[in-house]
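# Structural description and commentary
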Amino acid sequence: MKIPTSIFALMSFLACTLVLAFPAPAASQTQNVCIQCHGSLEGRLGKPVQQWQGSIHEQDGVTCNECHGGDPKDAVNAMSPARGFIGVPEEKDIPGICGRCHIGVNRDYLASAHGKALGKGGPSCVTCHGNHAINRASLALINERSCSRCHSYERAGELKDAMVKTETLITTMEDKIDTIRKGGTDTEPLEKALFSARNQFHTLFHDVDVKKVQNESARINRDLGKIDASLEAILKKLHERRIAGAIAVGSALLAALILYLLRKTYEKN
Ligand code: HEC
Ligand code: HEC
Ligand code: HEC
Ligand code: HEC
Ligand code: HEC
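Quick caveat, the model's predicted, so the values are computed rather than measured.

### Focus: helix α13 (residues 188–201)
- Between its first and last C-alpha, α13 extends 20 Å over 14 residues, near the 20 Å set by a 1.5 Å rise per residue.
- Within α13 the residues assigned to the buried category are L190, A193, L194, A197, R198 and F201. An end-on view of α13 places all buried positions within 140 degrees of arc, on one side of the element. Exposed and facing more than 90 degrees away from the buried side of α13 are K192 and F195.

Here it is as structure tokens:
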């Protein structure tokens with residue numbers, strides 16, 4: 001005899017409320033019936049909870065229902081289509097689900113060779129990021145194991161090389177700014193400008209356009225290179241113990257320069 005799903009679901013829920021009565025997890029999770037119930041289930045139904053725990057989405061309160069729909073406050077009707085439950089999303093719907101929050105990334109992805117090949121052998125968001133154990137993204141995601149599943153690694157490698165160069169430059173500049181700050185100068189405008197340079201640089205990837213990434217990276221490197229030279233000059237002055245006031249003015253000018261160069265770079269797109 002087949003037990004109706006809702007009764008089975010209710011029984012599992014009662015069982016897991018008992019289990020969860022002690023040790024109490026974080027408040028938001030106790031109130032979410034998806035996590036309570038699935039946390040007590042075995043196999044493919046329980047694994048998502050373990051994988052999701054510790055993910056960047058858990059840290060930011062992006063819970064099961066944000067991607068699967070449904071009602072996280074009502075154990076009996078949690079998975080009712082009437083409450084917006086969609087079950088396991090089909091591959092073609094995944095970018096749209098992630099894209100509700102990651103709007104810019106989704107736009108770039110859809111316009112890219114990968115997005116255009118969705119459903120025809122191209123990767124979806126979860127191919128590269130995973131579905132439940134999603135962590136902070138970095139260039140480490142571009143690697144031979146992941147990127148040669150469908151095509152040769154060659155273009156992926158070219159793309160990564162260009163991006164790593166810029167990333168390294170930004171990191172060394174951050175270190176220099178840090179030293180200048182410790183020398184007693186207000187570097188906040190400079191830090192902010194570099195932070196926005198970094199953010200704009202990190203939007204390059206999802207286009208997977210090798211030429212564009214190489215050109216943009218080279219241009220950012222050239223522009224940042226000029227600022228880096230000025231940082232070197234400030235550092236030298238700092239070593240010579242010149243007055244902090246002059247350095248503060250220099251640092252504000254550099255911040256303005258970064259912003260100006262960025263605007264110039266991105267207005268061309
Ligand atoms: C009381 C227990 C219980 C609650 C509450 C619950 N689930 Fe489930 N869920 C199950 C069981 C049991 C299954 C497998 C049987 C089925 O598909 O109905 C399942 C299946 C699923 C599946 C896989 C469906 C498939 O087609 O393979 C997803 C996704 C899912 N649940 C997400 C959620 C989300 C999101 C919530 C909260 C809005 C939720 N569940 C609440 C018990 C629960
Ligand atoms: C960021 C979006 C997202 C969140 C948050 C999320 N899921 Fe999923 N889940 C997916 C996607 C996408 C799939 C489809 C799997 C695939 O194609 O990789 C999936 C698949 C599943 C499946 C089917 C697994 C299988 O092997 O058949 C279950 C069950 C499930 N999720 C439950 C949950 C539960 C419970 C939570 C909360 C702890 C949760 N999910 C949170 C996106 C999400
Ligand atoms: C081919 C693999 C791949 C696919 C497909 C992919 N990503 Fe990414 N994603 C990456 C890599 C690699 C990075 C890191 C880029 C970097 O550090 O500059 C990244 C970065 C990100 C970031 C961080 C962006 C930032 O500004 O720092 C988010 C969010 C993200 N991806 C979401 C998505 C979503 C949503 C989709 C689907 C619409 C998707 N990704 C599709 C590989 C992929
Ligand atoms: C309800 C909104 C929401 C949905 C839906 C969602 N995310 Fe997120 N995602 C977030 C938030 C909030 C963060 C944390 C942002 C931060 O701290 O930078 C995040 C972070 C990420 C990151 C790390 C970003 C970084 O800066 O490195 C990746 C990668 C990511 N999500 C991918 C996905 C994928 C893939 C999906 C779909 C399967 C998805 N997200 C669905 C809200 C969402
Ligand atoms: C699930 C399969 C799949 C995976 C995994 C995958 N790709 Fe692709 N990729 C494709 C398809 C399909 C195309 C379009 C056809 C082609 O150009 O080969 C493509 C094209 C590309 C292109 C050429 C884009 C253009 O406009 O010419 C680059 C670059 C690329 N992928 C980089 C990557 C990187 C980097 C990764 C790993 C982070 C990756 N790919 C992982 C399927 C995949």
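### Concerning the site of ligand 5
- Surrounding ligand 5, one finds 19 residues, the nearest of these being H114, C147, C150, H151 and V208.
- Between ligand 5 and H151 there is a distance of 2.8 Å, counted from a nitrogen atom to a side-chain nitrogen or oxygen.
- For ligand 5, an oxygen atom lies 3.1 Å from a polar atom in the side chain of R155.
- Looking at the shell around ligand 5, the elements that each hand over two or more residues are α9 (113–116), α11 (144–147) and α12 (154–182).
- When residues of the shell around ligand 5 are assigned to their parent elements, the largest contribution, three residues, is made by α12.
- Across the shell around ligand 5, the residue classes tally to twelve nonpolar, five polar and two charged.
- In this structure, the shell around ligand 5 is formed jointly by two domains, domain 2 (91–137) and domain 3 (154–267), each of which donates at least three residues.

### Quick look at the site of ligand 3
- In the vicinity of ligand 3 lie 20 residues, with C125, C128, H129, H202 and H206 positioned nearest.
- Between ligand 3 and H129 there is a distance of 2.8 Å, counted from a nitrogen atom to a side-chain nitrogen or oxygen.
- Taken together, the residues of the shell around ligand 3 sort by class into twelve nonpolar, eight polar and no charged.
- Both domains that meet at the shell around ligand 3, namely domain 2 (91–137) and domain 3 (154–267), each give it at least three residues.

### Observations concerning the coordination of the iron atom of ligand 4
- Distances from the iron atom of ligand 4 to its protein donors, namely H57 (NE2) and H102 (NE2), fall within the range 2.0 Å.
- Taking relative accessible area as the criterion, H57 reaches 18% and is therefore assigned buried.

### A closer look at the coordination of the iron atom of ligand 2
- The protein atoms donating to the iron atom of ligand 2 are H68 (NE2) and H132 (NE2), with metal-donor distances spanning 2.0 Å.
- Classification of the site at the iron atom of ligand 2 as octahedral follows from its six donor atoms and the range of 87 to 179 degrees in their angles at the metal. One end of the pair, H68, is in helix α6 (residues 64–68); the other, H132, is in the loop between α10 (125–129) and α11, and 64 residues separate them in sequence.

### Brief notes about the pattern of salt bridges
- One pass over the full model with this rule turns up 15 salt bridges.
- Between R219 and E216 there is a salt bridge; the shortest N-O distance is 2.8 Å. Highlighted residues: R219 and E216, both in helix α14 (residues 210–239), separated by three residues, approximately one helical turn. When sorted by exposure, R219 lands in the same class as E216, which is buried.
- When salt bridges that share partners are traced, they join D178, R181, K182 and E191 into one network.

### Side note on the environment of Q53
- Relative to the helices and strands, Q53 resides in the loop between α4 (43–52) and α5 (56–59).
- The spatial distance from the C-alpha of Q53 to the C-alpha of I35 is 9.9 Å, given a sequence separation of 18 residues.

### Focus on the confidence of the model for the chain
- Averaged over all residues, the pLDDT of the chain equals 85, while 83% of them reach at least 70.
- Below a pLDDT of 50 lies the segment residues 1–27, which in the model reaches 16 contacts outside its immediate sequence neighbourhood of four places, other chains included.

### Some remarks on the packing of α12 against α13
- Running from N to C, α12 and α13 point in directions that differ by 165 degrees, and their axes come no closer than 11 Å. In terms of orientation, α12 and α13 fall into the roughly antiparallel class. Relative to α13, the crossing made by α12 is left-handed. Between α12 and α13, the residues in contact are M163, T166, E167, I170, T171, M173, E174, I177 and R181 and L190, E191, L194, R198 and F201, respectively.
- When the residues that make up the contact of α12 with α13 are grouped by side-chain class, the tally is seven nonpolar, two polar and five charged.

Here is what the cut-offs are and how they apply
Sequence positions are assigned chain by chain, starting from 1 and proceeding in written order. For this description, chains carry letters from A and ligands carry numbers from 1, given in the order in which they are written. Under the rules for a predicted model, residues below a pLDDT of 70 receive no local features and side-chain atom pairs below 80 are neither given nor counted, while totals for whole chains, interfaces and linings still include all residues. Water and hydrogen atoms play no part in the side-chain values, which are based on all heavy atoms of the structure. Working definition: helices are DSSP H or I runs of at least four residues, strands are E runs of at least two. Numbering for both runs from the N terminus. In a helix, the anticipated span is given by 1.5 Å times the number of residues less one. Each residue gets one of three labels from its accessible area relative to the maximum for its type: buried under 20%, exposed over 50%, partly exposed in between, using a 1.4 Å probe on protein chains only. Throughout, the arc means the angular range of directions from the helix axis out to the C-beta atoms. By convention in these notes, a residue is near a molecule or strand provided one of its non-hydrogen atoms lies within 4 Å of it. Pairs of N or O atoms within 3.5 Å make up the polar contacts considered here, provided that, within protein, one atom can donate a hydrogen while the other can accept it, and that residues adjacent in sequence are counted only when both atoms are side-chain atoms. In this count, Pro and Cys sit with the nonpolar residues alongside Ala, Val, Leu, Ile, Met, Phe, Trp and Tyr, while Asp, Glu, Lys and Arg are called charged and the others, Gly among them, polar. Where a domain begins and ends is set by an automatic assignment or by a domain database. Only nitrogen, oxygen and sulfur atoms within 2.8 Å of the metal, or 3.2 Å for Na, K and Ca, are treated as donors, and water is left out, so sites may look incomplete. For four-coordinate sites, all angles between 85 and 135 degrees define a tetrahedron; for four- and six-coordinate sites, opposite donors beyond 155 degrees with the remaining angles between 65 and 115 define square planar and octahedral shapes respectively, and all other cases count as irregular. Whenever Lys or Arg places a side-chain nitrogen within 4 Å of a carboxyl oxygen from Asp or Glu, that contact is recorded as a salt bridge. Per-residue confidence from the prediction method is given by pLDDT, with values spanning 0 to 100. Every residue pair with non-hydrogen atoms within 4.5 Å of one another is taken to be in contact. To obtain an axis, a line is fitted to C-alpha atoms, over the contacting stretch when the element is a helix, and the angle between two such axes runs from 0 to 180 degrees between their N-to-C directions. Each angle is binned into one of four classes, with values under 35 degrees roughly parallel, values over 145 roughly antiparallel, values of 65 to 115 roughly perpendicular, and all other values oblique. By convention, the crossing between two helices is left-handed when the near helix turns anticlockwise from the far helix through less than a right angle, and right-handed when the turn is clockwise.

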